[in-house]
Amino acid sequence: MAEMNAAQLLELVNSRRVGEDGNERVRAITARIVGDLFRTIDEFDVKPEEFWAAVKWLTRLGQADMIGLITAGLGFDRLLDIREDEADLAAARAAGTARAIEGPLYVPGAPLSRNEVRLDTGNEDKGTPFVMEGQVLGTDGQPVPHAVVDVWHCNEFGRYSHFDPSQPEYNLRRRIETDELGRYRFRSFLPPGYAIPPDSPVSELFDLLSRHGNRPAHIHFLVSGEGKRALTTQVNIPGDTYLDDDFAFATRDGLVVELEQAESAAGYESLGMSAPFTRIRFDFRLQDAANEREALAASRYETAHG
Ligand code: BEZ
Ligand code: FE
């Protein structure tokens, strides 16, 4: 059959196969997506020049390594978190610190320190210094000794090292191994919010959607410990304009920290504190891992198949 209408073409695209190999799930999902796009093109009478402009945009998006910005901006990252939360609720294991999206800007393998670290080394005087400290605990309140707190945030211009070649390797990225009582602490400066790069494929779409591309000030964490379910989360700095209007829909109740004033630097000299300073206290509460995979301290890209 060489001549066909759109419905016949769709049927042919989705049914063609050379054998019984392949993956049924991939076939079924591909068929659904292709069908949805065929219908979208029909319903909106998409013209060839519009279609090819979109293909060109997708190509540029991939070449700029910015697909992860679009998945967040269109809500997919938060959707996956919502679905995991729902699955936890259904399995009666919705406990502990809330998860929050990883985002596309994590880099594995940051330098590891014991108990405490200065995250801001090489960034002195870049903003308000603070110390964040607390414990890694189980949902039963028991400390998790030798847990690892992997922490990262943007620089004073809202840019992340590795993705911004002007910054040193692992700038503002560290891992901290907790002590016997699950305690960690680090010093850094309060980061600003993040904004999608201007004049990029991402900003082109957001301009057309009449949307901003700003995230409120935040600090990322990937926390893991023996027998515990690894937790990817973020905390937000209070007072940010975009706290309730995050372009990535990632802020969550319970993850907006309090900034308190520590009146004395006594006991914080090893972090370079010599005067009253801003302190954040935050404990991470990790669920028990149901299997080894859940305990893996890994980014979404590392746990993805293929
Ligand atoms: C971020 O966490 O900074 C981020 C998240 C999603 C998209 C872009 C950036
Ligand atoms: Fe971020």
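Structure first, text after, so check above.
All values derive from a computational prediction rather than experimental measurement. (Residues numbered from 1 in each chain as written. Chains lettered and ligands numbered in written order. Predicted model: local features only at pLDDT ≥ 70, side-chain atom pairs only at ≥ 80, totals over all residues. Heavy atoms only, no water.)

A. Spotlight on the overall build of the chain. Each helix and strand in the chain was counted, giving eight helices and 13 strands. Over its C-alpha atoms, taken along the principal directions, the chain stretches across nearly 80 × 45 × 30 Å. Burial status across the chain gives 42% buried among its 306 residues. For the chain, restricting intrachain contacts to residue pairs at least 6 apart in sequence, the fraction spanning at least 24 positions comes to 73%. Accessible surface for the chain amounts to roughly 17200 Å². Of this, 54% is attributable to carbon and sulfur atoms. Taken together, the 33 basic and 50 acidic charged side chains of the chain have centroids lying 2 Å from each other. (Helix = DSSP H or I, 4+ residues; strand = E, 2+ residues; numbered from the N terminus. Buried < 20%, exposed > 50% of the residue type's maximum accessible area, 1.4 Å probe, protein only. Contact = heavy atoms within 4.5 Å. Areas by Shrake-Rupley, 256 points an atom, 1.4 Å probe, with all protein chains shown as cover. Lys, Arg positive; Asp, Glu negative; His and termini not counted. Charge placed at Lys NZ, Arg CZ, Asp CG, Glu CD.)

B. Broad picture of the pairing of strand E9 (residues 218–224). Counting buried residues along E9, seven of its seven residues qualify, which places the element largely inside the surrounding structure. Side-chain alternation along E9 places His218, His220, Leu222 and Ser224 on one buried face and Ile219, Phe221 and Val223 on a second face that is also buried. The sheet contact formed by strand E4 (residues 148–152) and E9 spans five bridges and is antiparallel. What sits directly across from Trp152, in E9, is His220. Across six bridges, the pairing between E9 and strand E10 (residues 231–236) is antiparallel. Within E10, the position partnered with His220 by the bridge is Gln234. Counting the residues that bridge the hairpin from E9 to E10 gives six residues, and of these Gly227 lies at a positive phi of roughly 75°. (Pairing = 2+ DSSP bridges.)

C. Local environment of the coordination of the iron ion (ligand 2). Protein-derived coordination of the iron ion (ligand 2) comes from Tyr160 (OH), His218 (NE2) and His220 (NE2), at a distance range of 1.8 to 2.0 Å. Each donor residue of the iron ion (ligand 2) belongs to the same chain, with the gaps between them written as Y-x57-H-x1-H. For His218, a relative accessible area of 1% puts it in the buried group. Taking relative accessible area as the criterion, His220 reaches 3% and is therefore assigned buried. (Donors = N, O, S within 2.8 Å, 3.2 Å for Na, K, Ca; no water.)

D. View of the pattern of salt bridges. Applying the stated criterion to the full structure yields 25 salt bridges. A salt bridge links Arg118 to Asp120; its shortest N-O distance comes to 3.0 Å. Note on Asp120: relative accessible area 3%, which makes it buried. (Salt bridge = Lys/Arg side-chain N within 4 Å of Asp/Glu carboxyl O.)

E. Structural context of the sheet that holds E4. Spatially, E1-E5-E4-E9-E10 is the arrangement adopted by the five strands of the open sheet, whose pairing is mixed. Where the open sheet ends on each side, the last strands, each with one partner, are strand E1 (112–114) and E10. Strand-to-strand, the axes of this sheet are offset by a mean angle of 25°, without reference to chain direction. (Axes fitted to C-alpha atoms, helices over the stretch in contact; angles between N-to-C directions.)

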